[in-house]
Amino acid sequence: MSSEKFSATLRIGDLNDYIAPSQGCVVSLKANSNPNPNTPPTSSSRLDKFYAENPATLGKAVKPVETEPVKISLKDCLACSGCITSAETVMLEKQSLDEFLSSINKGKAVIVSVSPQSRASLAVHFGLSPLQVFKKLTTLFKTLGVKAVFDTSCSRDLTLIESCYEFITRYRQCHLTTDEKSKLALPMISSACPGWICYAEKTLGSYILPYISSVKSPQQTIGAIIKNHICQMLCIRPEDIYHVTVMPCYDKKLEAVRDDFVFQVEAQGEKITEVDSVLTTGELLDLVKSRSVDFASLEESPLDKLLANAAEGGHLYGVHGSSGGYAEIIFRYAAKTLFGKEIVGPLNFKTIRNSDFKEVTLEVDGETVLKFALCYGFRNLQNVVRKIKAGKCEYQFLEIMACPSGCLNGGGQIKPKAGESAKDLIQSLELKYMENVTEADPLENPIIKGLYAEWLDEPGSEKAKKHMHTEYHPIVKSITSQLQNW
Amino acid sequence: MSLVDESFELKELQVLEGHADRVWSVAWKPATGFDGVPAVLASCSGDKTVRVWEQSPSSGSFQCKAVLEETHTRTVRSCAWSPSGKLLATASFDATTAVWEHVGDDYECVSTLEGHENEVKSISWNASGSLLATCGRDKSVWIWEVLPGNEFECVSVLQGHTQDVKMVQWHPNMDILFSCSYDNTIKVWAEDGDDDWHCVQTLAEANNGHTSTVWALSFNATGDKMATCSDDLTLKIWGSDLLTIQSGNGSAPWKHICTLSGYHDRTIFSVHWSREGIIASGAADDAIRLFAEDGDGLVDEPKYHLLLKKDKAHDMDVNSVQWSSAGNRLLASASDDGTIKIWELISLAGDQKPPL
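These numbers come from a predicted model, not from an experiment.

Looking only at helices and strands, chain A has 17 helices and 13 strands in total. Within chain A, buried positions represent 60% of all 486 residues. Taking the contacts inside chain A whose residues are at least 6 apart along the sequence as the reference set, 74% of them involve residues at least 24 apart. Per element, the accessible surface of chain A, about 20,000 Å² overall, is 52% carbon and sulfur.

This part covers the overall build of chain B. Counting its secondary structure elements, chain B contains one helix and 28 strands. For 356 residues, the compact-globule estimate of 2.2 N^0.38 gives 21 Å, and the C-alpha radius of gyration of chain B, at 19 Å, lies within 12% of that figure. Expressed as a percentage of the 356 residues in chain B, the buried residues total 61%. Residue pairs in contact within chain B that sit at least 24 positions apart in sequence constitute 50% of those at least 6 positions apart. Counting every atom, chain B has about 13,400 Å² of accessible surface; 45% of that belongs to carbon and sulfur. Computing the positive centroid from 27 side-chain charges and the negative centroid from 52, chain B places the two 6 Å apart.

Let's shift gears to the confidence of the model for chain A. Note that predicted coordinates carrying low pLDDT should not be read in detail. All names here are of chain A. Residues of chain A with pLDDT of at least 70 account for 80%, and the chain-wide mean is 83. Low pLDDT (under 50) marks residues 58–70, which in the prediction has 22 contacts with non-local residues, meaning those over four places away or in another chain. Every residue in residues 479–486 is under pLDDT 50, and counting partners more than four places away or in other chains gives 16 contacts.

Residue and element names in this part refer to chain A. Turning to its location among the elements, Glu 299 is positioned in the loop between helix H11 (281–290) and strand E8 (316–318). Residue Glu 299 is classed as exposed on the basis of its relative accessible area, which comes to 64%. With 159 residues separating them in the primary sequence, Glu 299 and Leu 140 have C-alpha atoms 8.7 Å apart. Once you skip the residues sitting within four places of it in the chain, Glu 299 turns out to touch Lys 135, Lys 136 and Thr 139.

Turning our eyes to something else, we now look at the sheet that holds strand E2 (residues 148–151) of chain A. All names here are of chain A. An order of E2-E1-E4-E7 is seen for the four strands of this open sheet, with the pairing classed as parallel. Unpaired on one side and paired on the other, E2 and strand E7 (277–280) mark the two borders of the sheet. The average angle at which neighbouring strand axes cross in this sheet is 25°, direction not considered. In the sheet, strand E1 (residues 109–114) pairs with E2 via four bridges, with the strands oriented parallel. Pairing of Val 112 across the sheet is with Val 149, part of E2. Along the sheet, helix H7 (residues 152–176) contacts E1, E2 and strand E4 (241–247); its crossing angle with E2, the most-contacted strand, is approximately 45°.

To continue, consider the pairing of strand E18 (residues 214–219) of chain B. Summarising burial for E18 of chain B: six of the six residues are buried, a large majority. Between E18 of chain B and strand E19 (residues 225–230) of chain B, which pair antiparallel and follow one another directly, the connecting turn spans five residues, one of which, Gly 223 of chain B, has a positive phi of 90°.

A few words on the side chain of Ser 45 of chain B. Residue and element names in this part refer to chain B. Structurally, the position occupied by Ser 45 is in strand E3 (residues 40–45). Classification of Ser 45 as buried rests on a relative accessible area of 0%. At 3.4 Å, the side chain of Ser 45 and the backbone oxygen of Asp 21 are in polar contact. Here the side chain of Ser 45 touches Arg 22 through a polar contact of 2.9 Å, landing on its backbone oxygen.

Turning our eyes to something else, we now look at the pattern of salt bridges. Under the definition given, this model contains 34 salt bridges over all chains. Here Arg 119 of chain A and Asp 151 of chain A are joined by a salt bridge, their closest N and O atoms 3.3 Å apart. Here Arg 119 of chain A, found in helix H5 (residues 116–126), pairs with Asp 151 of chain A, found in strand E2; they are 32 residues apart in sequence, far enough to count as distant. The burial state of Arg 119 of chain A is the same as that of Asp 151 of chain A; both residues are buried. In this structure, Glu 114 of chain B engages Lys 389 of chain A in a salt bridge whose closest nitrogen and oxygen atoms are separated by 2.8 Å. A residue pair is termed interchain when its members come from two chains, as with Glu 114 of chain B in the loop between strand E9 (106–113) and strand E10 (120–125) and Lys 389 of chain A in helix H13 (residues 378–389). Via salt bridges that share partners, Arg 379 and Lys 423 of chain A together with Asp 192 and Asp 196 of chain B belong to a single interconnected network.

Residues and elements named next belong to chain A. Here the structure, examined in full by the defined rule, presents eight cavities of 30 Å³ or more. Lining the largest cavity are 25 residues, with Gln 117, Ala 192, Pro 248, Lys 252 and Cys 407 sitting closest to its centre. Elements that contribute at least two residues to the lining of the largest cavity include exactly H5, H7, helix H9 (218–233) and helix H10 (251–256). Of the residues that constitute the lining of the largest cavity, the class distribution is 13 nonpolar, nine polar and three charged. Shared between two domains, the lining of the largest cavity holds at least three residues of each, these being domain 1 (73–154 + 215–317 + 444–466) and domain 2 (162–214 + 319–441). Roughly 130 Å³ of volume is contained in the second largest cavity. Looking at the second largest cavity, it is lined by 15 residues, and the ones nearest its centre are Pro 194, Ile 197, Glu 255, Arg 258 and Phe 261. Counting only elements with at least two residues in the lining of the second largest cavity, the list comes to helix H8 (194–204) and H10. Per element, the largest residue contribution to the lining of the second largest cavity is three residues, and it comes from H8.

Here we take up the environment of Leu 158 of chain A. All names here are of chain A. Structurally, Leu 158 can be placed in helix H7. On the basis of relative accessible area, Leu 158 is assigned to the buried category, the value being 0%. Aside from chain neighbours lying at most four places away, what touches Leu 158 is Thr 221, Ile 225, Ile 448, Leu 451, Tyr 452, Leu 456 and Met 468.

The next thing to look at is the confidence of the model for chain B. Overall, the prediction assigns chain B a mean pLDDT of 92, with 94% of residues at 70 or greater. Listed scores for the predicted complex are pTM 0.82 and ipTM 0.75.

Let's shift gears to the pairing of strand E7 (residues 87–92) of chain B. Residues and elements named next belong to chain B. In terms of residue burial, E7 counts as a mostly covered element, since six of its six residues are buried. Covered by surrounding structure in E7 are Leu 87, Ala 89 and Ala 91 together with Leu 88, Thr 90 and Ser 92, the residues of both alternating faces. As paired elements, strand E6 (residues 76–81) and E7 share five bridges and run antiparallel to each other. Following the sheet pairing, Cys 79 is matched in E7 by Thr 90. What sits between the antiparallel neighbours E6 and E7 is a turn of five residues, in which Gly 85 has the positive phi angle 80°. In this antiparallel pair of consecutive strands, E7 and strand E8 (residues 97–103), the connection spans four residues, and Ala 95 shows a positive phi of 75°.

Residue and element names in this part refer to chain B. The computed volume of the second largest pocket comes to approximately 1,200 Å³. In terms of lining, the second largest pocket is formed by 48 residues, of which the most central are Ser 124, Gln 169, Ser 218, His 272 and Gln 322. For the lining of the second largest pocket, the secondary structure elements donating two or more residues are strand E2 (23–28), E6, E10, strand E14 (165–170), E18, strand E22 (268–273) and strand E26 (318–323). Partitioning the lining of the second largest pocket into residue classes produces 25 nonpolar, 18 polar and five charged.

Residue and element names in this part refer to chain B. Per the stated rule, a full pass over the model turns up 23 aromatic pairs over all chains. With 5.0 Å between their ring centres and 90° between their planes, Trp 215 and Phe 269 make a pair best called edge-to-face. With Trp 215 in strand E18 and Phe 269 in strand E22, this pair connects stretches of sequence that are 54 residues apart. In terms of burial, Trp 215 and Phe 269 fall into one category: buried. Ring geometry for Tyr 263 and Phe 291: centres 5.0 Å apart, planes at 75°, overall edge-to-face. Here the residue Tyr 263 occupies a position in the loop between strand E21 (255–260) and E22, and Phe 291 occupies one in strand E24 (residues 288–293), the gap between them amounting to 28 residues.

Scoring rules and cut-offs
Residues numbered from 1 in each chain as written. Chains lettered and ligands numbered in written order. Predicted model: local features only at pLDDT ≥ 70, side-chain atom pairs only at ≥ 80, totals over all residues. Heavy atoms only, no water. Helix = DSSP H or I, 4+ residues; strand = E, 2+ residues; numbered from the N terminus. Buried < 20%, exposed > 50% of the residue type's maximum accessible area, 1.4 Å probe, protein only. Contact = heavy atoms within 4.5 Å. Areas by Shrake-Rupley, 256 points an atom, 1.4 Å probe, with all protein chains shown as cover. Rg over C-alpha atoms; globule rule 2.2 N^0.38 Å. Lys, Arg positive; Asp, Glu negative; His and termini not counted. Charge placed at Lys NZ, Arg CZ, Asp CG, Glu CD. pLDDT = per-residue confidence, 0-100. Pairing = 2+ DSSP bridges. Axes fitted to C-alpha atoms, helices over the stretch in contact; angles between N-to-C directions. Polar contact = N/O pair within 3.5 Å; in protein donor to acceptor, adjacent residues only side chain to side chain. Salt bridge = Lys/Arg side-chain N within 4 Å of Asp/Glu carboxyl O. 1 Å grid on protein atoms, 1.4 Å probe; cavity = no way out; pocket = protein on both sides within 12 Å on 5 of 7 lines; lining within 4 Å. Points joined across faces, edges and corners; volume = space filled by probe spheres on them. Nonpolar A, V, L, I, M, F, W, Y, C, P; charged D, E, K, R; others polar. Domains from an automatic or database assignment. Phe/Tyr/Trp six-rings, centres within 6.5 Å; stacked < 30°, edge-to-face > 60°.

Here is the structure:
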C-alpha cells in the first residue's frame, strides 16, 4: 500500500519523516532506505545539525528500528494525530479484494454500490457508455455471487436533499439571529470528500468543523439505507449483509472505517458497519483482469432498480457536476426557496483563479444575495481556509474536494493509458460522465420520495438526522506528537 | 587579470552579538550600503527572534536597530527581504512564515502564512517580488502569490521531494524555482502557462549530483550558473543556457559543470555567489572559504580555485554566508556560536601573483 494512492491533501499530513516506532505510531517504517530517516547521520557535525533542526527526535531516532512491520489498521491511523499514510506497512486487510471475495464465500449477502465516477472511469477505459458499464458490472458481480448491485448516484440524491435543507436552516440562522453561534452557520462546506474531512479534523481543528455540513456522504448514505431499511425489505438481518462500495478514491476507505458510521440496532447487539469494504475503480479493474474477464463482451444484465437512478426506458439519470453537484443543486434550491428565483438552464460558473476554483452568484435587484464556490485541490483549499480563519470568506457555500479536478480525478481511478496526458483523460471523463445520463432534480427522484414516505418522514426530520447526518471531531494532538512539535 | 591571480584577505570588521542561541541565517537588505544609504542586515536565530542591524554612517559599525520577537514560538530558521526591501519574510520551526513591514522605526508583522505541517526551513522571493516560496520538513514546497494589502494566496503546493526540503531559491531573473533536500537532490520547478507548477528537472546522483543532503544553492549574477553545497563535502557548479531559458522555447536543462572536492572535510551548510563572481562557503569546520573561476580562458572547462580559507572564522559551525549586493565586498556570516560576523574582502595590492 503506497501512500501515493491517497489524495495529495492527505499526503500533506505525511509529516513524520523522522518518526521512530516509539513516537506515537506503532508502525515501523521501511528499513534501509537511503537516506534512512530513522538513522541519524553518522558524522558528528551532521548529527548536531540533525538534532538542532529536529530537536524532538533527540534520544528517539537512535532507537533500533524493528524490522518486522507491526500491523495497524486504518482505524488506528484515523485516531492518531500524527502521520496517517506515510507508512508503507499500513494494512488494508479489511479493504481489499481478497476480503471481498472471501465474504462472498462465507455466505454473506454481498451488496455492491457503484459510484458514477467509477462507472465513468471504466466506461472511458473500455470505450463503453456508463449504462453499458453498469449493466456489465451487474453481470460480473452477480456471477461472483453478489446479491444486488446499487448506484450511489441514487443515495447522493438523498444526500443532496438533506444538504439543501441544512443550507436553508443555516442561512436563516445566520440572517435572523445575531448570537455568536449563528456566525458559525455560514459558509456551509460540503462533507462528501473524506480527504478534506480528514485534513480538517487533523490539521485545521475545531475552528473549521462547525462549518462542515453534517450530511453524510453518498457512500455512507447508501450504507445507512441498506443496513437500516433495505435489509428489512430484503428480509436479511443487517449483520448478514456485507456491503462493498466502488469508489474513485482511496480516502473513501478511511471514511468507511470511522466509528461514526458504525451502529447497533439493540444496545447489546452486534455492531453494524454501514460500509464494510471499499474498492477503488482501479482495484475493480484488477479484479476484472485477474479473472481474465473480457469485460466489453460481458452480457448486460438488468439493473437493480431498488437503489439505482435508472428510469423505465433504461436510461440513467442524475445531477450535473462530476464531484456530486453540491454547489449547483443547493444554489438552485436556495435561489428558489429564499428568493423565489427559478434558474433555468445551466449555472454560470465563473473561473476565478484556475479551473479548480469557480464561483456562481445570484443577484436580486442589483445586489449579490448568493455566492457559492467550487474549490478543488489543496492549493485552492488553503486559500478559502485562510479566508474563513480571517473572517473574510464571502461565500455562503463551498464545495470542497481535495483532488484537483474533483472526484473524477480521484486517486483510485484508472490511470491514463500510455501516451495519454492526465488532462486529456479528465476531459474524456467529464464528457463520459454525463453521456446518456439525463439530468434530473433530486427532489423528484421516486426512490428517494419513497424512502422519505416509508422511513425517514421528511427532509431534516429526527429520523433523517439520526440516519443521514454525522459529526466531526477535532483530533487532539497526543503528547508524543506535541513533544515532536515543541 | 582575473580574481584568481589576486591575493586577498578576509578582514573581520565586527562581531555582532545579541542573539541568545545559534544564528541560522543572515540576509542583506537590497538597495542598502551604497549611495549614502546605510547597509542593513537581518539575522535569525534559535532564540526565536529576528534582529535587524544597521551600519552607522559615521562609525561604520553595525548596531542592532530592531528585535522582531513574540511572533514566532520556535526557532526562526531563515529570513529574506523582498526585492524592494519593504518586506521581510521569516520562516520558523513553528510551522509559520511571517511577513514583516518596516513601519516608522518598527517592524510590524503584517501577515502570517500557515499551511506547512511543521518546521518551515527556508523562504525566497522571486525577482519581481510577486511570488514567495517556502519549504520545510513536511517535504513540500509552497508558492504564494503576493496580493495588494499584504494578502497572500497559495498558488501551488509541490510534492516531489522524498525528505525534508532544506532550501528554496528563485532564479535571479526568471520565475523558475529551485529546491534542495535531505533526499540529496535539487529540483527545478516551473509554471506550465496554465497556472500549474511542475518539477521540470531533478538533479540527482545519477546526473553527477550530490550523494548526501544538499543544504544550499546560489546563483551567479547573470543566472546561468548555480552553485550547490552538500553534506557530501563538495560544492558543485551547474550551468544552463540562459538564452534558451529566456526565449521561452522549452526548458533549458541544468548540467553539471564541475565538482569542487577535496577542499572541505566537514558538511558545507551555506554557499553564496557574489556579484563579482566569488563563491563563499560556510561549513561545519567553522571556516569560511572563497572560490573563483579561473578566467584564463585556456581551457574549455571552467576551473574554480580556492582563493582563501579563513580558519576559525567562528568558534562553531558556520551556518550562513552572504555577500552584500552593494558591491562593497562585505560578507556576513552566521554561526552556531551565536554571533554574526561582518567581513571585508581586501585585495592585497602589490602582492599579486605574477601572471602565468
